[in-house]
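Below are the chains, spelled out letter by letter.
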Amino acid sequence: MHTEAAKRYVRRFSVVTTLYIALVAGNAALDRLIHPAPLTAGLMAVLTALPIAGMLMVLGLYLREETDEFVRDRIVTSMLIATGVLLSVASVIGMLQFAGLVGTVKVFMAFPLWCAVWGVAQMLLNWRDRRSDGIA
Amino acid sequence: MKNRLRVLRAERGWSQQDLAERLEVSRQSVNAIETGRYDPSLPLAFRIADLFELPIEQIFQNPFKED
């Protein structure tokens, strides 16, 4: 299922992801080489995180440009599943932290987790559709 | 929502892909509508009705009315 909007999304997402990887690598290298002052390190950290916002904007653009309403519906459904799982996991971890059973968890992991669950949810919905195709 | 899309498509000898191309949607969309897993928006339902040159209610069954 590769609509024109999906192709544009893949192109844009590849660009932003490449930029993100380059910034993460550059940030890590600079951190080792010059040990920047806290202010510089903070600016570098924010700069490195900006492509994540870019990825979300690319996702938003895709939803706006996708003309196939069934495809759009499926993407939104899988995004809601991912958001639900992420918020549930965060709540459970938070409660475990209140109970003193879990230490610090890196907030940085939230977006990769959301993306991973989103991908799995899309795969499951695809599988359901293919199964329905077989029955039909 | 129950509909006669599969029957109307078969009467014309069209595959799901043929219908999808005529409606400018994916084949998966056609399959999902035919099997009742997805209810099309009003604009898409009108496009389908225009394509088959039938009123919407002759393609899609009103879920609030008895047969």
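Just so we're clear, the structure is a prediction, and the values are computed from it rather than from any experiment.

Would you mind going over the overall build of chain A with me for this structure?
The helix and strand inventory of chain A stands at four helices and zero strands. Counted from the first residue to the last, chain A has its helices and strands arranged as α-α-α-α. For the C-alpha atoms alone, the extent of chain A along its principal axes is close to 60 × 40 × 20 Å. The proportion of buried residues among the 136 residues of chain A is 11%. The contacts in chain A between residues at least 6 apart in sequence include a share of 78% that link residues at least 24 apart.

What am I meant to see in the packing of helix α1 (residues 4-34) of chain A against helix α2 (residues 38-65) of chain A here?
The angle between the axes and the distance between the axes are what describe a pair of packed helices. Residues and elements named next belong to chain A. Interaxial distance between α1 and α2 falls to 9 Å at its minimum, and their mutual angle equals 175 degrees. Taken together, the axis directions place α1 and α2 in an arrangement best described as roughly antiparallel. The residue makeup of the contact of α1 with α2, split by class, is 17 nonpolar, three polar and four charged.

Teacher, can you tell me more about the environment of Ala 5 of chain A here?
Residues and elements named next belong to chain A. Following the sequence through the fold, Ala 5 ends up in helix α1. Once the C-alpha coordinates of Ala 5 and Asp 68 are considered, the two residues, 63 residues apart in sequence, prove to be 9.2 Å apart. In this structure, Ala 5 is in contact with Tyr 62, Glu 65, Glu 66 and Thr 67, ignoring residues within four places of it in sequence.

It is not clear to me how the nonpolar core should be interpreted in this structure. Could you clarify?
Soluble globular proteins: nonpolar side chains tend toward being buried together. The biggest cluster of nonpolar side chains holds ten residues, and these are Phe 70, Val 71 and Ile 75 of chain A together with Leu 5, Leu 19, Val 25, Val 30, Ala 32, Ile 33 and Tyr 38 of chain B. Those elements giving two or more residues to this core turn out to be α3 (69-98) of chain A together with α3 (27-34) of chain B.

Can you help me understand the interface of chain B and chain A in this one?
Often, the extent of an interface is quoted as the loss of accessible area upon association of its parts. Counting residues at the interface gives twelve residues for chain B and eleven residues for chain A. With five residues, α3 of chain B is the single largest residue contributor to the side of chain B that touches chain A. In terms of residue class, the side of chain B that touches chain A is built from four nonpolar, six polar and two charged.

Is there a simple way to think about the environment of Asp 18 of chain B in this case?
With respect to the helices, strands and loops of the structure, Asp 18 of chain B is situated in helix α2 (residues 16-23). In this structure, the C-alpha to C-alpha distance between Asp 18 of chain B and Asp 50 of chain B, residues 32 residues apart in sequence, is 16 Å.

I'm lost on the confidence of the model for chain A in this one. Help?
Do not read the fine detail of predicted coordinates wherever pLDDT is low. Mean pLDDT over chain A stands at 91; residues scoring 70 or higher make up 97%. Per-residue pLDDT, averaged within each element of chain A, yields its smallest value for helix α4 (residues 110-135) of chain A (88) and its largest for α3 of chain A (96).

Which parts of the structure should I look at to understand unusual backbone geometry?
Negative phi characterises most residues that are not glycine, and trans characterises most peptide bonds. All names here are of chain B. A positive phi angle is found at Glu 24, which is not glycine, with a value near 60 degrees. Its location among the elements puts Glu 24 in the loop between α2 and α3. Overall, the presence of 12 C-beta atoms within 10 Å leaves Glu 24 in the exposed class. One non-glycine residue, Glu 53, lies in the positive phi region at around 55 degrees. Following the sequence through the fold, Glu 53 ends up in the segment after α4 (42-52). A count of 6 C-beta atoms within 10 Å places Glu 53 in the exposed class.

Thresholds, definitions, all that
Residues numbered from 1 in each chain as written. Chains lettered and ligands numbered in written order. Predicted model: local features only at pLDDT ≥ 70, side-chain atom pairs only at ≥ 80, totals over all residues. Helix = DSSP H or I, 4+ residues; strand = E, 2+ residues; numbered from the N terminus. Buried ≥ 20, exposed ≤ 12 C-beta atoms within 10 Å, placed from the backbone. Contact = placed C-beta atoms within 7 Å. Axes fitted to C-alpha atoms, helices over the stretch in contact; angles between N-to-C directions. Parallel < 35°, antiparallel > 145°, perpendicular 65-115°, else oblique. Nonpolar A, V, L, I, M, F, W, Y, C, P; charged D, E, K, R; others polar. Core = buried A, V, L, I, M, F, W, Y, C linked by C-beta atoms within 7 Å. pLDDT = per-residue confidence, 0-100.

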